[in-house]
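Chain residues, written in single-letter form:
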Amino acid sequence: MAEQRFSSRAHHLESTRTWSTLPAVAEAVAAASDSGARRIYVETKGGRYRWSLTAIGGGYPLLRVAARFLEVDHRRIFVGFRTLEDGTAVLCEDPDQHEAPERWRLIEVDRSVDAVEATSLIAAVL
């Protein structure tokens, strides 16, 4: 069961790197909220979406958040990141090759949400 959840959550990270559908990103945001993430980055461009886990303080705190999401030891993974204007670190494979969104927002979730709620949250801010 834990390995299956890791595989599913690792799959969700794909939509942090590639432009995806709103339902795919909403499922990932729901999984992130289920892992305890309470501040999640979402962005859109041309009707496609991406998302990211977030952390204040740079790459190391973001690494810890990502490890908690994947349910693995933080020493087993590497994460690329970029920093938003407010100091929030978000996942980014290569900050020098980052394709800028048309719009982005940080959303706050105070509890676990399902994909339907996540869709509404994303649609409301973007």
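So, here's what we can say about the structure. Since the model is a prediction, treat every value here as computed from it, not as a measurement. (Residues numbered from 1 in each chain as written. Predicted model: local features only at pLDDT ≥ 70, side-chain atom pairs only at ≥ 80, totals over all residues. Heavy atoms only, no water.)

**As for the packing of helix α3 (residues 22-34) against helix α5 (residues 115-125)**
Moving on, step 1. It is at 8 Å that the axes of α3 and α5 come closest, and there the two elements cross at 110°. In this view, α3 runs roughly perpendicular relative to α5, as classed from their interaxial angle. For the pair α3 and α5, the crossing hand works out as right-handed. Residue-level contacts link Leu-22, Val-25, Ala-26, Glu-27, Val-29 and Ala-30 of α3 to Ala-115, Ala-118, Thr-119 and Ile-122 of α5.
Moving on, step 2. Partitioning the contact of α3 with α5 into residue classes produces eight nonpolar, one polar and one charged. (Axes fitted to C-alpha atoms, helices over the stretch in contact; angles between N-to-C directions. Helix = DSSP H or I, 4+ residues; strand = E, 2+ residues; numbered from the N terminus. Parallel < 35°, antiparallel > 145°, perpendicular 65-115°, else oblique. Left-handed = near helix turned anticlockwise from the far one by under 90°. Contact = heavy atoms within 4.5 Å. Nonpolar A, V, L, I, M, F, W, Y, C, P; charged D, E, K, R; others polar.)

**Overview of the side chain of Ser-20**
Moving on, step 1. Tracing the backbone through its elements, the reader meets Ser-20 in the loop between α2 (14-17) and α3.
Moving on, step 2. A polar atom in the side chain of Ser-20 sits 3.0 Å from the backbone oxygen of Thr-18.
Moving on, step 3. The contact partners of Ser-20, leaving out residues within four places of it in the chain, are Ser-15, Val-25, Arg-48 and Tyr-49. (Polar contact = N/O pair within 3.5 Å; in protein donor to acceptor, adjacent residues only side chain to side chain.)

**Looking at the pattern of salt bridges**
Moving on, step 1. The full count for this structure, using the stated rule, is eleven salt bridges.
Moving on, step 2. The salt bridge involving Arg-39 is made with Asp-86; its shortest N-O contact spans 3.1 Å. Taken together, the residues span a long stretch of sequence, with Arg-39 in strand β1 (residues 39-45) and Asp-86 in the loop between β4 (81-83) and β5 (88-91) at a distance of 47 residues.
Moving on, step 3. One salt bridge in this structure joins Arg-39 and Glu-108, with 3.3 Å as the shortest N-O distance. Linking Arg-39 in strand β1 with Glu-108 in strand β6 (residues 103-108), this pair joins segments that are 69 residues apart in sequence.
Moving on, step 4. Connected through shared salt-bridge partners, Arg-9, Asp-34 and Glu-71 make up one network. (Salt bridge = Lys/Arg side-chain N within 4 Å of Asp/Glu carboxyl O.)

None of this, on its own, says anything about what the molecule does.
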